[in-house]
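# Remarks on the overall topology
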Amino acid sequence: MTSIQPPSETIWWKQPLDRVEGTWIAIALVWSLIMFVMMPVWHIYGKQNLSNEAYRTTPAAYMAKTQAMVDQYTVRTMTDQQIPVVKPPPGSDVYLLGRLWQWWPILELEKGQTYRLHIASMDWQHGFSLQPQNINLQILPGYEMVVTITPDTSGDQTIICNEYCGIGHHNMLGKILVTEGGS
Ligand code: CUA
C-alpha cells in the first residue's frame, strides 16, 4: 500500500495497534510528561528563569514615580546627555524607564542588597537586556514589570535594547552601576 493509492481498509482506526507504534506512543507520552514536570521544576531549581510580576500602568503614572525617585536620590549626572545617576536606599523599589532612545535614569545599586526593579516603556515596545547577566524582558507601554534583584558582582552593567524600536534602536543603551556597598 502506498499513500498514492487509497487504503484497502478504509476503516483504518479499527485495526489493531502495531507493537512498535504503541511503543513510540508510550515513549512520546512519558517524554511529554517529563517535560511538563520540568517546566515548574526548572523554574525553581534552574536559577535561570526570572520570576517577575506585571502590573497595569500608564506612561504618565509611571513617569511620576520615576521622577519622584530621581528627584530624591540623584547623586550626580553622567554622559553627554546629563543622565541622572540615582542611588536609592538598599531594599527599596527602584524605577527604570525605556523610551526613544534611552534607558533612564542610571541606577547605582549596592552589591548584595535586594531591590525591586520596576521597568516600563514610555512609548512603544523595547527589550530590556542586561549584560553580562543576559537577563531579558519585554518592555511594553502600559505594563510595569517588576523583578526582584540582588546584584552579586560589582561593576558597570550595560543595558541594551534588544527589540527593534526605530532609527535610534542601536544607540539605546543604559547602565546599572553596582558598588561594593557600605559607603
Ligand atoms: Cu528600544 Cu530598541
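Below, the structure is looked at part by part. Nothing here was measured: the structure is a model prediction, and the numbers come from that model.

About the criteria used
- Residues numbered from 1 in each chain as written.
- Predicted model: local features only at pLDDT ≥ 70, side-chain atom pairs only at ≥ 80, totals over all residues.
- Heavy atoms only, no water.
- Phe/Tyr/Trp six-rings, centres within 6.5 Å; stacked < 30°, edge-to-face > 60°.
- Helix = DSSP H or I, 4+ residues; strand = E, 2+ residues; numbered from the N terminus.
- Buried < 20%, exposed > 50% of the residue type's maximum accessible area, 1.4 Å probe, protein only.
- Lys NZ or Arg CZ within 6 Å of the ring centre and 35° of its normal.
- Salt bridge = Lys/Arg side-chain N within 4 Å of Asp/Glu carboxyl O.
- 1 Å grid on protein atoms, 1.4 Å probe; cavity = no way out; pocket = protein on both sides within 12 Å on 5 of 7 lines; lining within 4 Å.
- Points joined across faces, edges and corners; volume = space filled by probe spheres on them.

## Here's the deal with the packing of aromatic side chains
- Following the criterion strictly, the structure yields two aromatic pairs and no others.
- Geometrically, the ring pair formed by Trp 103 and Phe 128 is edge-to-face, given 5.8 Å between the ring centres and 90° between the ring planes. Linking Trp 103 in strand β5 (residues 102–104) with Phe 128 in strand β8 (residues 126–131), this pair joins segments that are 25 residues apart in sequence. Summarising the burial analysis for this pair, Trp 103 and Phe 128 share the class buried.
- Here the guanidinium or amino end of Arg 99 rests over the ring plane of Trp 104, the centre of that ring lying 4.9 Å away.

## Quick word on the pattern of salt bridges
- In this structure the tally under the stated criterion is six salt bridges.
- Residues Arg 116 and Asp 93 are paired through a salt bridge, measuring 3.4 Å at the closest nitrogen-oxygen approach. Residue Arg 116 is found in strand β7 (residues 115–121), and its partner Asp 93 is found in strand β4 (residues 93–99); the two are separated by 23 residues along the sequence.
- On the basis of relative accessibility, which here comes to 28%, the residue Arg 116 falls in the partly exposed class.

## Thoughts on the layout of surface pockets
- When its volume is computed, the largest pocket comes out at roughly 230 Å³.
- Around the largest pocket sit 14 residues that line it, and Gln 133, Ile 135, Ile 149, Thr 150 and Pro 151 are the ones nearest its centre.

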